[in-house]
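Survey of secondary and tertiary structure
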Amino acid sequence: MSDSAVTATQTANPNAINLKKVLGPVHVWALGVGIVLVGEFMGWNYSVAKGGAYGSLIACWVIGLLYTCVAMIDSEITSTVAAAGGQYAQAKHTTGPLMAFNVGIYLVMAYTMLEAADVLVFGDLVSIGAGELGREGVDPKPFVFLAVAVLAWLNYRGVFMALSVNFLITAVAFFSIIILWVGVQPFSPGEITQHAEMLAIVPLPELSSVQGLPYGWLGVLAAFQFGTWYYLGIEGTCQAAEEVRSAGRSLPLGTMSGMITLLIAASLTWWICAGMLPWDYLGQALAPLYDASKMTGSNFLVVLLWVATVFSAIASANGCINDASRAWFSMGRDRYLPQWFAAVHPRYRTPYRSILFLIPIAVAFGFTGLLAQTITFSIVSGLLGYTFMPINLTKFRRKWPLGSIKRGFVSPMHPIPAIVLMTLCVLTFFAVFLGFGTQLFVMIGFYIFISLYFVYRRYKYVRRGDQFTMAWPKPQGY
Amino acid sequence: MDFWDILQYGSWAVAALLLLWMVADAFMVSSQFTEDVLTSSQEGIDELAAQQQAHNAGKGS
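Here the structure is a predicted model, which means the values were calculated and not measured. (Residues numbered from 1 in each chain as written. Chains lettered and ligands numbered in written order. Predicted model: local features only at pLDDT ≥ 70, side-chain atom pairs only at ≥ 80, totals over all residues. Heavy atoms only, no water.)

1. Considering the overall build of chain B
Going by this rule: Put simply, DSSP H or I for four residues or longer makes a helix, DSSP E for two residues or longer makes a strand, and each gets a number counted from the N terminus. In this scheme, a residue with accessible area under 20% of its type's maximum is buried, one over 50% is exposed, and one in between is partly exposed, where area comes from a 1.4 Å probe on protein chains only. Using a 1.4 Å probe, accessible areas were evaluated by the Shrake-Rupley method; residue-level cover was limited to the displayed protein chains.
For chain B, the helix and strand inventory stands at three helices and zero strands. The N-to-C order of helical and strand elements in chain B reads α-α-α. The buried share among the 61 residues of chain B stands at 28%. Total accessible area on chain B stands at roughly 4,000 Å², and carbon and sulfur atoms take up 66% of it.

Following this line, the structure appears as C-alpha cells:
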C-alpha cells in the first residue's frame, strides 16, 4: 500500500475512551449463533404451514444458501472495516452517506424488533411454564421487563461478560438439540420418529399435483419468508468488529463457524419435528422442539427443552442489545444521529447511552404481544440489509481490488455469491409480499420517509471528511 | 398471594432497581467527565496494534 495515498490518516488520541478490545472468536460465535438460535426453537415452523414439511426443508437449505453468501461477503468486508456499526460502517466507506444511514437504521430496527420479539416470547414461556405447573393467568409483562433490564444491565457493565454469558447459554441451547436428536433414536427409524407417515402429505388437488407439497411450488416460495428464522441475525457478528482483539482472524472464524453450527441445528430441528409432529399442527405450534420433547415421554428431555427454549430467547435478546446499541452508537459518532449517543462509559468501555436509549423501545414493543408484526419488522429490515450486501461487495472489490488492501478473508468465487444473494433476496421479498404485503409496503414507506428526513434535516450535521477512517489507498477511479 | 404473585412483583421491583441504577450511574458519569472526553472514541484506531508497535520499538532500541 502506498503511504502517500491513504484516504484517512487517523492518529490515536492517547486520552480517548474507546470501546474495549477484549473479544475472541468464541464471543463472535456466541454473538451470531446466540442471536439466531431462538429461530430453531420457534418461528421456522410457520414455513411448514406455507409449504408443507418438504417445503420447509427446501426453504431451510435455500435460505441457508442465502445466509452463507451473507456470511462470506460480510466476513471479507468486515475483516477490513473493523468498526462498530458493522454493515453501517461498510456502507459509509463503499457507497455513501444516505445508504449508510439507511443501513444503520435497518440494523437498529432489525435487532431492536428481534429483541422485543425475544423477550415477548420469554414472557410467554414463563406464563406457559406456570400454567403447566398449575397456575393459570400469570402476566408475562413483568418477565418481559425483567429480561430487558437484566440484559441491558449486563451489556452496560461490559461486553466481555455479556458475550461470555451468551456463549454459555447458547451452547446449552445448541447441545439440547443434539441431545433431543439422540433421544429420538435417529438410528432406529419408526421407533419414536414417524417420518414415513408424517411426510406422506396429500396435496390439495386444486393447488398442487406434487406429492408432499400441499400448496405446490408457490407454497414452497411462500415458505422462504419463515425460512429466514433458521438464520436471521448471523450477520450480527460484524457489530463486534471494534471490540475483537484480532478482527481479521476472529470475525471470519466466528461467523463461518456460526453459520456451520446453524446449518447443523436447522437440519436436525427439521428432522426431529417433521418426524414427530403432524405438519398441520407443526405449522402453527408456538415451540415445536419443546412439543417434540413432550412426545418422547421423557421428563428429562421436556425440562431440558423448556430451559433451552428460554435460554435461546435470552441469548438472542442479549446479542440484539449488543448489536443495536453498537449500530446506534456508531451513527452518533459520525453525527448521523446526535453525538450524545456516541458516549463511551469511562469505566466499562461500553456505549452506555445507546444501550439505555433503546430499552424503552424494546419494552414497548415487547408489551404489545404482537409477535408476528414485530418479527416481520425485523425480517424486512434484515432483508433490506442483505439486498445491499451484493452491491456493497461489488463496489468494495471495484474500488479496492484484491491485493490493494489487506483482507482477513477473501470471499471465494466472486461474483457468484453476490448474484445468488441478490436473486434469493428478490425471491424472499416476494415471499414476504405473499404473506405480509401491506406491512411490507408500510415499512418501505417508513424507510423512504426517514431517508427524506436524513437528506433534508440531518445530513448537514454529518462529519463528512472524518467519517472515512480506514487507512486505505484512494479508491480506483477517484 | 402465592409464589407466582410474589415472583411477578419481584420481577417488577428488580427490573426497576436495575434501570434506576443504570440511569443514576449514567448521570454520575456525565457529571464527572466532560462531553469531549465521553465522546472521544475513534473509529479505525487499533489500540492493541499501537501497543504492540510501541512494544516492538522498545525491544528494538
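2. So, the packing of helix α4 (residues 87-94) of chain A against helix α15 (residues 371-399) of chain A
All names here are of chain A. We apply this condition: Throughout, an axis means a line fitted to C-alpha atoms (over the contacting stretch in the case of helices), and angles, computed between N-to-C directions, take values from 0 to 180 degrees. An angle below 35 degrees is treated as roughly parallel, one above 145 as roughly antiparallel, one from 65 to 115 as roughly perpendicular, and anything else as oblique. By convention the crossing between two helices is left-handed if the near helix lies anticlockwise of the far one by an angle smaller than a right angle, and right-handed if it lies clockwise. Pairs of residues are marked as contacts when any of their non-hydrogen atoms sit within 4.5 Å.
For the pair α4 and α15, the least separation of the axes is 10 Å and the interaxial angle reads 45°. The orientation of α4 with respect to α15, classified from their angle, is oblique. Taken as a pair, α4 and α15 cross one another with a handedness that is left-handed. Contacts between α4 and α15 involve Gln87, Gln90, Ala91 and Thr94 from the former and Phe388, Met389, Asn392, Lys395, Phe396 and Lys399 from the latter.

3. Considerations on the interface of chain A and chain B
The condition that has to hold: Here's the idea: put two parts together, see how much 1.4 Å probe accessible area each one loses, and the total over both is what we call buried area. Salt bridges, as used here, are contacts in which a Lys or Arg side-chain nitrogen is within 4 Å of a carboxyl oxygen on Asp or Glu. Within 3.5 Å is the distance limit for a polar contact, defined as a pair of N or O atoms, with the added protein rule that one can donate a hydrogen and the other accept it, and that residues adjacent in sequence qualify only through two side-chain atoms.
Contacts between chain A and chain B engage 55 residues on the former and 33 residues on the latter. A combined buried area of about 3,600 Å² lies between chain A and chain B, and 63% of that area is made up of carbon and sulfur atoms. Sorting the residues of chain A by area buried against chain B places Lys21, Arg135 and Phe145 of chain A first, and these three jointly supply 15% of that buried surface. There are five salt bridges connecting chain A and chain B. Arginine 135 of chain A is the salt-bridge partner of aspartate 2 of chain B, the closest N and O atoms lying 2.6 Å from each other. Across the contact surface, chain A and chain B share 14 residue pairs in polar contact (both at pLDDT 80 or more). Taken together, the elements giving at least two residues each to the side of chain A that touches chain B come down to α4, α5 (97-132), α6 (141-157), α13 (299-333) and α14 (352-368) of chain A.

4. So, the packing of α13 of chain A against α14 of chain A
Residues and elements named next belong to chain A. To be explicit about the condition: Lys, Arg, Asp and Glu make up the charged group, whereas Ala, Val, Leu, Ile, Met, Phe, Trp, Tyr, Cys and Pro make up the nonpolar group; the residues left over, Gly among them, are polar.
Closest axis-to-axis distance for the α13/α14 pair is 8 Å, and the angle between their directions is 115°. Both α13 and α14 take part in a crossing whose hand is right-handed. Facing α13, whose interface residues are Ile321, Ala324, Ser325, Arg326, Trp328 and Phe329, α14 presents Ser354, Ile355, Phe357 and Leu358. Considering only residue class, the contact of α13 with α14 consists of seven nonpolar, two polar and one charged.

5. Looking at the UniProt feature "domain: Amino acid permease/ SLC12A" (unreviewed entry) in chain A
For clarity, the threshold we go by: UniProt positions are given in the numbering used here, feature names are shortened, and annotations may be inferred rather than shown by experiment.
Following the UniProt record, the feature "domain: Amino acid permease/ SLC12A" (unreviewed entry) maps to residues 34-457 of chain A here. Along residues 34-457 of chain A, the helical share is 73% and the strand share 0%, with 37 Å between the first and last C-alpha atoms.

6. A closer look at the UniProt feature "transmembrane region" (unreviewed entry) in chain B
Mapped onto the present numbering, the UniProt feature "transmembrane region" (unreviewed entry) falls on residues 6-24 of chain B. Counting secondary structure, residues 6-24 of chain B comes out at 100% helix and 0% strand; the distance between its end C-alpha atoms is 26 Å.

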